[in-house]
Amino acid sequence: MRFRFSLSRARQVALSAGITLLLSSCATFYQKTAILQEKIAAGDFQAAYKELEKDKKWAEDNHRVLYFMNRGLVHFMLGEHEASNEYFNKADYYIEDYSKSFGTEALALVTNPMVRPYKPEDFESIMIHFYKAFNFIAMNDYESALVECRRIDIRLMQFNEKYKENKSRYTRDAFAHNLMGMIYQAAGDYNNAFIAYRNALEIYESDYNELFGVTPPLQLKLDLLYCAKKVGFNSEVRFYEEKYALKTPEMKDGQGDLVYIWMNGLGPVKAEWSLNLTNMGYKDGLLLFGSEELNFSYPITLSSVSSSTQSQLKDLSVIRVAFPKYVERPPVYVGAQLNYNGESHKLEMAENINKIAFQSLRDRMLREIGNNLLRIATKQAMEYVARKENDNLGAIVSIVNAMTEKADTRNWQSLPYSLYYTRVSMPEGEQVLTLEQQDSFGKLTSEEVKVNIKAGKSAFQIYHQLASYPMLQP
């Protein structure tokens, strides 16, 4: 893609950018979503549903994927699992069908990425499949739930194959394999459950321990041993019992179990930070911008722009570039357990979505920094051309550049901060447990959990504890 700039082109861009600012205001989008997020954070999902129903245009504009993802989540929290998957399917369709438009990309180059259709972060796309799997589990459609879990690994592989350099470090999802194991075990397929658990264990011990500080849950090791024994893998039973100093759990006659998944808090919110970079010189088709103070430099290739524009870019001394960043929202509760029949069953972390978000954005910024620098340099080269021809027009372009230099801070804000789980074996029939949650000050709160247990079967319950503190200051 090659761009040329002249006085007439600069006039068109300034006008186009101004119209974009007036008709597609970022403030309007965030005002709209702020009300929705308030309802979700308060647990008022009926009000959140009404808020989504109120503005049909959201489903048609550049933020439509966020609309469908939020709509799917709200229906999930309302227990409307078919409707939830309907909207998650729409979000998934637009993510897969995401394609670049020359006009949009050209406008993004001289304004900001917010004018593009929203393309979710890789991990956000993955969370769609988790929610779809949870919906299918609730509908007792285990085979479809397994399909969604398998798609997680496939999508992660597809994402990373597109990246020529600075590939993502989040390439495998341990909880996806763990959940597959739970589903296979619930369906009585202990052989495949053992394989899924073993894969999960390997990913926790390698990737997750290093990247996200999440170690293999004790419950995963116990489930692995249980399934190994059920299919007669005696050598594996001995190996893992010795490795982890554990005894294989027994399932008593007339008992079933509850798999309880506890979603905790709310994930991070995107904000913006900016950086002033100095022109450090041009060599071999590369223009180097950097900061001596931060001991940072980055080359950008000029092969995609015309020779006249290259000359203008080389004349730039300083550019200011805006980047997105995540701001954490710490959860109010730091731990929980299920109490039943005098025994406590600790809920163990299985997925740290907050840390996955930070790592995913960091990896993407490393891949895209060159494009961002070229975008900013191109905008400032336009200003140079305009000023050379006409001071007044140059001033207009300068103002437009300053107003439109924004990072894309859209994100799926209603995701949980982290996922925990445990398994509790109980006799058949209606059972009552106590969920005990501990906040960051050590205060305990309790509430009843009721479940209908069937002998030899697994029941699933998912609970989202939404309480979170305000965003941490950078």
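How each quantity is defined
- Residues numbered from 1 in each chain as written.
- Predicted model: local features only at pLDDT ≥ 70, side-chain atom pairs only at ≥ 80, totals over all residues.
- Heavy atoms only, no water.
- Pairing = 2+ DSSP bridges.
- Helix = DSSP H or I, 4+ residues; strand = E, 2+ residues; numbered from the N terminus.
- Axes fitted to C-alpha atoms, helices over the stretch in contact; angles between N-to-C directions.
- Parallel < 35°, antiparallel > 145°, perpendicular 65-115°, else oblique.
- Left-handed = near helix turned anticlockwise from the far one by under 90°.
- Contact = heavy atoms within 4.5 Å.
- Polar contact = N/O pair within 3.5 Å; in protein donor to acceptor, adjacent residues only side chain to side chain.
- Nonpolar A, V, L, I, M, F, W, Y, C, P; charged D, E, K, R; others polar.
- Core = buried A, V, L, I, M, F, W, Y, C linked by side-chain atoms within 4.5 Å.
- Buried < 20%, exposed > 50% of the residue type's maximum accessible area, 1.4 Å probe, protein only.
- Expected span 1.5 Å × (residues − 1).

(A) Region of interest: the pairing of strand 7 (residues 343-346). Where strand 6 (residues 333-340) and strand 7 come together, four bridges link them in antiparallel fashion. Paired with Gln337 across the two strands is Lys346, which belongs to strand 7. In sequence, strand 6 turns back onto strand 7 through a hairpin of two residues, with Asn341 there showing a positive phi of about 55 degrees.

(B) Main features of the sheet that holds strand 10 (residues 429-439). With antiparallel pairing, four strands are arranged side by side in an open sheet as 7-6-10-11. The open sheet is flanked by strand 7 and strand 11 (444-453), the only strands paired with a single partner. When the angles between neighbouring strand axes are averaged without regard to direction, this sheet yields 30 degrees.

(C) How the structure looks around the packing of helix 8 (residues 142-161) against helix 9 (residues 174-186). With their axes 9 Å apart at the nearest point, helix 8 and helix 9 run at an angle of 160 degrees to one another. With respect to each other, helix 8 and helix 9 are oriented roughly antiparallel. When the axes of helix 8 and helix 9 are compared, the crossing they make is left-handed. Each of Tyr142, Ala145, Leu146, Cys149, Arg150, Ile152 and Asp153 in helix 8 lies in contact with helix 9, whose residues at this interface are Ala176, His177, Leu179, Met180, Ile183, Tyr184 and Ala186.

(D) Spatial organisation of the sheet that holds strand 5 (residues 318-327). Spatial ordering of the open sheet is given by 4-3-2-5, a layout of four strands whose pairing is antiparallel. Looking at which strands have only one partner, the edges of the open sheet turn out to be strand 4 (296-301) and strand 5. Geometrically, the sheet is characterised by an average inter-axis angle of 35 degrees between neighbouring strands, direction not taken into account. Here strand 2 (residues 269-283) runs beside strand 5; their pairing, made up of ten bridges, is antiparallel.

(E) Spotlight on the environment of Asp153. Residue position: Asp153 is located in helix 8. Apart from residues lying up to four places away in sequence, Asp153 is in contact with Arg172, Asp173 and His177. At 2.6 Å, the side chain of Asp153 forms a polar contact with the side chain of His177.

(F) Up close: the packing of helix 5 (residues 81-96) against helix 7 (residues 122-138). Following both chains from N to C, one finds helix 5 and helix 7 inclined at 155 degrees, their axes separated by 10 Å at the closest point. With respect to helix 7, the axis of helix 5 lies roughly antiparallel. As helix 5 packs across helix 7, the resulting crossing turns out to be left-handed. Where helix 5 abuts helix 7, its residues His81, Ser84, Asn85, Phe88, Asn89, Ala91, Asp92 and Ile95 lie against Ser125, Ile128, His129, Tyr131, Lys132, Asn135, Phe136 and Ala138. Its residues assigned to classes, the contact of helix 5 with helix 7 shows seven nonpolar, seven polar and two charged.

(G) Expanded view of the nonpolar core. Within the largest apolar cluster, 99 residues are counted, with the highest numbers of intra-cluster contacts made by Tyr131, Leu179 and Trp412. In terms of residue count, helix 10 (residues 190-211) provides more of this core than any other element does, eleven residues in total. Residue contacts for Tyr131: discarding those within four places in its chain leaves Leu73, Phe76, Asn85, Phe88, Met263, Trp412, Ser414, Leu415 and Pro416.

(H) Layout of helix 7. Helix length check: helix 7, at 17 residues, gives a terminal C-alpha distance of 25 Å against a target of 24 Å (1.5 Å per residue), a fit within 8%. Looking one or two residues beyond helix 7, the residue adopting positive phi is Asn140, at roughly 60 degrees.

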